[in-house]
Amino acid sequence: EMQGAELPKPQSRAPRSRRVRNKGKAWDPSWPAQPDHAGSDGSQSSDDLSEDTAENICSEIRIQRLANELATLPVSKFYPDIAKASMEAFASWRTRFMDRPSLWARFVKHKRKQTRALKELNEVAPVIHEVLDIVKSAELKDGEKFTIIDLCSGFGFLSMFLAEFLPADKVRKIVLIDKMWPMRNQERPGPTQITWEHIRDPGWR
């Protein structure tokens, strides 16, 4: 189960993030995920939609291109099991969201010559690895389950990957918290807020 928490009213504009550059250095699995630009967190900004056609966005060819791009990223070298499982997740998400190409476009659009979902996977792979290790090795008492809190979740890629990879019998729910989520009593997200359509989809375990 994935759900968002009720939060204070978000700012009208997303705060500008300080970019941390690591040019010329080897990729370090312990390197923290870098902050993203305003609007790329899933808020409904003007660059959210890919320039590709809906047919191309949802095509089988696009999934193969994701696999080819993923093979070039450090996550495939350092966490091959996570990389392999992520492609199964991408295929599943495509099937679920292909009838909503504007939503699926937010997963596969390119930002600085890199597919958004793969960029996020590459950054959060060390966290996914640690959480999987903790949850799978935990010896829980009868009825005990983990509740995972994803602080500053943004669009929610970390939680979405965890929802696909974690054993359902050990996790009660994943809660996404970010000041850019709509408040619980809103009917729909505002123009600068993160859309919750993908999170509220009934297909999550």
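Structural data are supplied above this passage.
What you are looking at is a predicted structure, and each value in this text was computed from that prediction instead of being measured.

Direction vectors running N to C along helix α4 (residues 80–97) and helix α5 (residues 101–108) enclose 160 degrees, while the axes themselves pass 9 Å from each other. As far as their axial angle goes, α5 and α4 are roughly antiparallel. Remark: the crossing between α4 and α5 carries left-handed chirality. Here Phe90, Trp93, Arg94 and Phe97 of α4 lie close against α5, whose contacting residues are Pro101, Leu103, Trp104 and Phe107. Its residues assigned to classes, the contact of α4 with α5 comprises seven nonpolar, no polar and one charged.

Count 3.6 residues to each turn of an α-helix, and residues three or four apart come out pointing the same way. Taken across its nine residues, helix α7 (residues 157–165) has eight buried, putting it largely inside the fold. Among the residues of α7, Phe157, Leu158, Ser159, Met160, Phe161, Leu162, Ala163 and Phe165 are the ones counted as buried.

Moving on, we come to the nonpolar core. Formed by 45 residues in total, the largest nonpolar core has its most connected members in Trp93, Phe107 and Ile128. Elements supplying a minimum of two residues to this core: α2 (60–70), α4, α5, α6 (116–137), α7 and β5 (171–177). Ranked by the residues each element gives to this core, the list is headed by α6, at nine residues. Beyond its immediate chain neighbours, meaning those up to four positions away, Phe107 contacts Trp93, Phe97, Thr115, Arg116, Ala117, Phe155, Phe157, Met160 and His198.

For the coordinates displayed, the defined rule picks out seven salt bridges. Residues Glu164 and Arg96 are paired through a salt bridge, measuring 3.6 Å at the closest nitrogen-oxygen approach. Here Glu164 is found in helix α7, whereas its partner Arg96 is found in helix α4, with 68 residues between them in sequence. By relative accessible area, Glu164 is classed as partly exposed at 25%. Between Glu123 and Lys119 there is a salt bridge, and its shortest N-O distance comes to 3.3 Å. Residue Glu123 and its partner Lys119 are located together in helix α6, separated by four residues, close to a single helical turn. The two residues Glu123 and Lys119 agree in class, both being buried. One network of salt bridges, in which partners are shared, links Arg96, Asp99, Arg100, Glu164, Glu197 and Asp201.

Here we take up the pairing of strand β4 (residues 146–151). Bridge count between β4 and β5: six bridges; the pairing is parallel. Residue Leu151 lies in a different strand from β5, and its bridge partner there is Ile177. The parallel pair β4 and β5 is bridged by α7, and the resulting crossover is right-handed.

Rules behind the numbers
- Residues numbered from 1 in each chain as written.
- Predicted model: local features only at pLDDT ≥ 70, side-chain atom pairs only at ≥ 80, totals over all residues.
- Heavy atoms only, no water.
- Axes fitted to C-alpha atoms, helices over the stretch in contact; angles between N-to-C directions.
- Helix = DSSP H or I, 4+ residues; strand = E, 2+ residues; numbered from the N terminus.
- Parallel < 35°, antiparallel > 145°, perpendicular 65-115°, else oblique.
- Left-handed = near helix turned anticlockwise from the far one by under 90°.
- Contact = heavy atoms within 4.5 Å.
- Nonpolar A, V, L, I, M, F, W, Y, C, P; charged D, E, K, R; others polar.
- Buried < 20%, exposed > 50% of the residue type's maximum accessible area, 1.4 Å probe, protein only.
- Core = buried A, V, L, I, M, F, W, Y, C linked by side-chain atoms within 4.5 Å.
- Salt bridge = Lys/Arg side-chain N within 4 Å of Asp/Glu carboxyl O.
- Pairing = 2+ DSSP bridges.
- Right-handed = clockwise from strand over helix to strand, strands pointing away.

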